[in-house]
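Coordinate analysis (summary)
Each chain is listed here by its residues.
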Amino acid sequence: MTWVAWRVQRSTILAAIAVVSVLALWLVATGLVMGHSQTWKYWTDADVYVLFALPGVLGLAIGAPLIAGESNLGTDRLATTQSVTRARWLTYKLLVGGFATAGIVLVLTLILRWWTGAVSVSALTQSGGFSGVRIQPDAFDLTGLVVVGYTLFAFFLGTALGTVIRKPGWAFSLGLPIFAAARIVVQDWLRPHLVAPAVYTNLMERASAAAMNSWMLNLALLPANRTSPPPGKTWAWWDWTKSYTTCTSQPNLTNAEDAHCAVLAHVHFVFQYQPESHYWALQGIETAIFLALALLLLGLTVIKVKRWRI
Amino acid sequence: MTWVAWRVQRLQYLAATGAVLVIGLWLTLSGSNGNSAWSQASSRGDIIVLSALPGLLGLSLGASLVADEFRRGTNRLAWSQSISRTRWLASKLAVGAVVVGGLTALLVPLLGWWSGAVNSGLNVQPKLFDVTGVVVVGYALFAFTLGAALGAMIHRPGWAFAAGVPVFALARLLVGAVRSTLVSPVSLVEPFQGSEPNGWVLNFGYLPFGRTTPGAGRTWSTLSHQVLACFHRVSSAGEEHCALVAHLHWVWQYQPESHYWSLQWAETAIFLGAAIACMVATLVAVHRQQA
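Every value quoted in this text rests on a predicted model; they were computed, and no experiment measured them.

**Details of the overall build of chain A**
If you tally the helices and strands in chain A, you get twelve helices and three strands. In summary, chain A has a C-alpha radius of gyration of 25 Å against a globular reference of 19 Å for 310 residues, an excess of more than 25%. With the principal axes as the frame, chain A shows a C-alpha extent of 85 × 50 × 25 Å. Residue burial in chain A is summarised as follows: out of 310 residues, 35% are buried. In chain A, the proportion of contacts linking residues at least 24 apart, taken out of those at least 6 apart, comes to 81%.

**As for the overall build of chain B**
The helix and strand inventory of chain B stands at eleven helices and three strands. From first element to last, N terminus to C terminus, chain B shows the α and β order α-α-α-α-α-α-α-α-β-β-α-α-β-α. Here the C-alpha atoms of chain B give a radius of gyration of 25 Å, more than 25% beyond the 19 Å that 2.2 N^0.38 yields for 291 residues. Overall size of chain B, expressed as C-alpha extent along the three principal axes, is 85 × 45 × 25 Å.

**Points about helix H8 (residues 157-178) of chain B**
Two residues of an α-helix separated by three or four positions point the same way, owing to the 3.6 residues in each turn. All names here are of chain B. Relative to the 32 Å expected for 22 residues at 1.5 Å per residue, H8 spans 31 Å between its end C-alpha atoms, a close match to the ideal helical length. Maximal helix bending in H8 amounts to about 25 degrees, located at Gly164; proline Pro166 follows within four positions. Those residues of H8 lying buried are Pro157, Gly158, Trp159, Ala160, Phe161, Ala162, Ala163, Gly164, Val165, Phe168 and Arg172.

**Brief notes about the packing of helix H7 (residues 146-165) of chain A against helix H8 (residues 168-194) of chain A**
How two helices pack is summed up by the angle between their axes together with the distance between the axes. Residues and elements named next belong to chain A. The contact between H7 and H8 brings their axes to 9 Å, and the two run at 135 degrees. Relative to H8, the element H7 lies oblique. Between H7 and H8 lies a crossing whose hand is right-handed. Of H8, the residues touching H7 (which contributes Tyr150, Ala154, Leu157, Gly158, Leu161, Gly162 and Ile165) are Pro168, Trp170, Ala171, Phe172, Leu174, Gly175, Ile178, Phe179 and Arg183. Across the contact of H7 with H8, the residue classes break down as twelve nonpolar, three polar and one charged.

**Some thoughts on the interface of chain B and chain A**
Each partner contributes to the interface: chain B provides six residues, whereas chain A provides six residues. Broken down by class, the residue content of the side of chain B that touches chain A amounts to four nonpolar, one polar and one charged.

**With respect to the domain arrangement of chain B**
Residue and element names in this part refer to chain B. Domain annotation of chain B identifies domain 1 (2-182 + 258-288) and domain 2 (186-256). Taking the mean C-alpha position of each, domain 1 and domain 2 sit 42 Å from one another. Taken together, the eight residues of domain 1 in the interface contact six residues of domain 2. For the side of domain 1 that touches domain 2, the per-class residue count stands at four nonpolar, four polar and no charged.

**What to know about the sheet that holds strand S3 (residues 267-274) of chain A**
All names here are of chain A. The strand order S1-S3-S2 describes an open sheet built from three strands, whose pairing is antiparallel. In this open sheet, the two strands that pair with only one neighbour each are strand S1 (198-202) and strand S2 (215-223). Within the sheet, the average angular offset between the axes of one strand and its neighbour, ignoring direction, is 20 degrees. One ladder, built from eight bridges, connects S2 with S3; its direction is antiparallel. Residue pairing in the sheet places Asn218 in a bridge with Gln272 of S3.

**Observations concerning the domain arrangement of chain A**
Residues and elements named next belong to chain A. Splitting chain A by domain gives domain 1 (2-196 + 277-306) and domain 2 (198-274). Between the C-alpha centres of domain 1 and domain 2 there is a distance of 41 Å. Listed as interface residues are eight residues of domain 1 and, on the opposing side, five residues of domain 2.

**What about the packing of helix H7 (residues 135-154) of chain B against helix H11 (residues 260-288) of chain B?**
Residues and elements named next belong to chain B. For the pair H7 and H11, the least separation of the axes is 8 Å and the interaxial angle reads 15 degrees. In terms of their interaxial angle, H7 and H11 are classed as roughly parallel. The hand of the H7/H11 crossing is left-handed.

**Let's talk about the nonpolar core**
A:Leu60, A:Leu157, B:Val100 and B:Ala140 are the most contacted members of the largest nonpolar core, which has 131 residues in total. Beyond its immediate chain neighbours, meaning those up to four positions away, B:Val100 contacts B:Leu57, B:Gly58, B:Leu61, B:Ala140, B:Leu141 and B:Phe144.

**Observations regarding helix H11 (residues 255-265) of chain A**
Residues and elements named next belong to chain A. Residues of H11 that are buried include every one of Cys261, Ala262 and Ala265, and no others. In a view along the axis of H11, the buried residues occupy a sector of 95 degrees, so they form one face of it. What points out from H11, more than 90 degrees from its buried face, is the exposed set Ala256, Val263 and Leu264. Contacts made by the buried residues of H11 are with helix H10 (242-248) and S3. His266 lies just past H11 and shows a positive phi near 55 degrees.

**Some remarks on the sheet that holds strand S3 (residues 248-256) of chain B**
Backbone hydrogen bonds hold the strands of a sheet together, and the pairing may be parallel or antiparallel. Residue and element names in this part refer to chain B. Strand order in the open sheet made by the three strands is S1-S3-S2, with antiparallel pairing throughout. Only two strands of the sheet have a single partner each, and these edge strands are strand S1 (186-190) and strand S2 (199-208). Averaged over all neighbouring strand pairs, the angle between strand axes comes to 25 degrees, with direction disregarded. The pairing of S2 with S3 spans nine bridges and is antiparallel. Following the sheet pairing, Val201 is matched in S3 by Tyr254.

**Points about the pairing of S3(A)**
All names here are of chain A. Where burial is concerned, most of S3 is hidden: seven out of the eight residues are buried. Inspection of the sheet shows S1 paired to S3 by five bridges, in the antiparallel sense. Note on S3: the bridge partner recorded for Val199 is Gln272.

**Notes on the environment of A:Thr246**
All names here are of chain A. Following the sequence through the fold, Thr246 ends up in helix H10. Using a count of 11 C-beta atoms within 10 Å as the deciding quantity, one classes Thr246 as exposed. Along the sequence, Thr246 and Val195 sit 51 residues apart, while their C-alpha atoms lie 38 Å from each other.

Reading the values: rules and limits
Residues numbered from 1 in each chain as written. Chains lettered and ligands numbered in written order. Predicted model: local features only at pLDDT ≥ 70, side-chain atom pairs only at ≥ 80, totals over all residues. Helix = DSSP H or I, 4+ residues; strand = E, 2+ residues; numbered from the N terminus. Rg over C-alpha atoms; globule rule 2.2 N^0.38 Å. Buried ≥ 20, exposed ≤ 12 C-beta atoms within 10 Å, placed from the backbone. Contact = placed C-beta atoms within 7 Å. Expected span 1.5 Å × (residues − 1). Bend = angle between axes of the 7 residues up to and from the residue. Axes fitted to C-alpha atoms, helices over the stretch in contact; angles between N-to-C directions. Parallel < 35°, antiparallel > 145°, perpendicular 65-115°, else oblique. Left-handed = near helix turned anticlockwise from the far one by under 90°. Nonpolar A, V, L, I, M, F, W, Y, C, P; charged D, E, K, R; others polar. Domains from an automatic or database assignment. Pairing = 2+ DSSP bridges. Core = buried A, V, L, I, M, F, W, Y, C linked by C-beta atoms within 7 Å. Arc of directions from axis to C-beta.

Have a look at this one:
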């Protein structure tokens, strides 16, 4: 059954390996160049969008034809009338597809880790000593475990949509916006708070070195006894008390006088950020979220396939 | 053949009409709320959805046009009739183009009213330019023919749609990048930096007297440091004095609102040309197919 499962998916998986190999070659080439010269520019090229899209496209491309391809061609009737039970058939197909996808992406992740490492070194040595590259949203998405999480989620999303839609092309097309929506929701709304952010307070609008070299989430001028906005207010609300604004609008203010104004007005600046040290915790939790979603979709796939009335 | 072309795709066309009715209803509701806080806040997301809509509509109708026939094998039936392949394809494309073009043309006045009611920007600015006026029809028709062409090559509607999305997005990005040059922009010259003119501002900066574009090897901002340096030296001098001393004047290069319709028609013409190219490609692919 393993051989059959492999043989059916062989062309898709080999095509995926070919595409990823080309990408890997490009990464290795640019990574070697970056390590030796001052090039932030590879980080901001359009190629990076390809890297963002890749886990989703890869997972969906292998997952969508898994079940839907068989329904589409009518070979599901052939498969379910063999001596192999439906459960075994499905299990082997999912295992072969899942392991192949995860394996391809794992290799790519290792190369991406090395590549963003080159960017980190470049940032540290050439761009004024910035050390918080990996925790920034862009780099976070491409290094570490989360890439495998995204890909497996996309893979099972493809299989689940395939059982419902039964045409691989449309399952893939529908899976793309769903995957994009899930990624955006988790990245923008959940990730900042998956691990309690660190807070730095100062009487002046100057962040500590740790806060500067991190993923800055929020900054506000808040009352002195608070490190988060009062109930009913957001971080966009700054506590511009009249005493503070009149005090700081004097010309030629020294740093000491500026800080004293803040003390008198009972306000301080609060920086909320995720430091680089939270990297692995955030990675682990976000991967867990996507793996949980993947398991949910796996369950849906299994239920749907078991209910086939061929 | 017209009846056949309609009948084969009837379900898709009716579904598209239904979708457009829903969009029209939503636009009416959203616009009649006027300047409520809710509509202002959500208008940015709405615009993103609305700018994707013509493309998605056109692609979904176009992808199944030819590809469905291939998938079901009914292309063999169609091509073994007395009608030639060219006429067959022409009828299918014509009926589809009329439906797609007609549906989006119906939305155009509604979109124009909605953008005035909900948004406070200018129509010539990129954000609103994409979702108002004739370009909407151009996008939809291009997406339709692109879907048909990809379907004729890929033979599977779902994958044709999936391939069409990035191609369409790329085409939109490329044309958007050259949009500012389709009609010559207007230059507003001032002694020093004043308030922004009403329109789509493309470039601004200090330029030497007598020029309205930067010289060779220079950008719009290369000369601004001269004024800044003067500022730092003599802080009491006004910006006007510094500019005068350096023989510079401030130039705004922009597309005024009056250019809106010429830009619209120019961009629509580009997309209609691309649509014709896609139709030719579909024709070639259909003829080359050994049924």
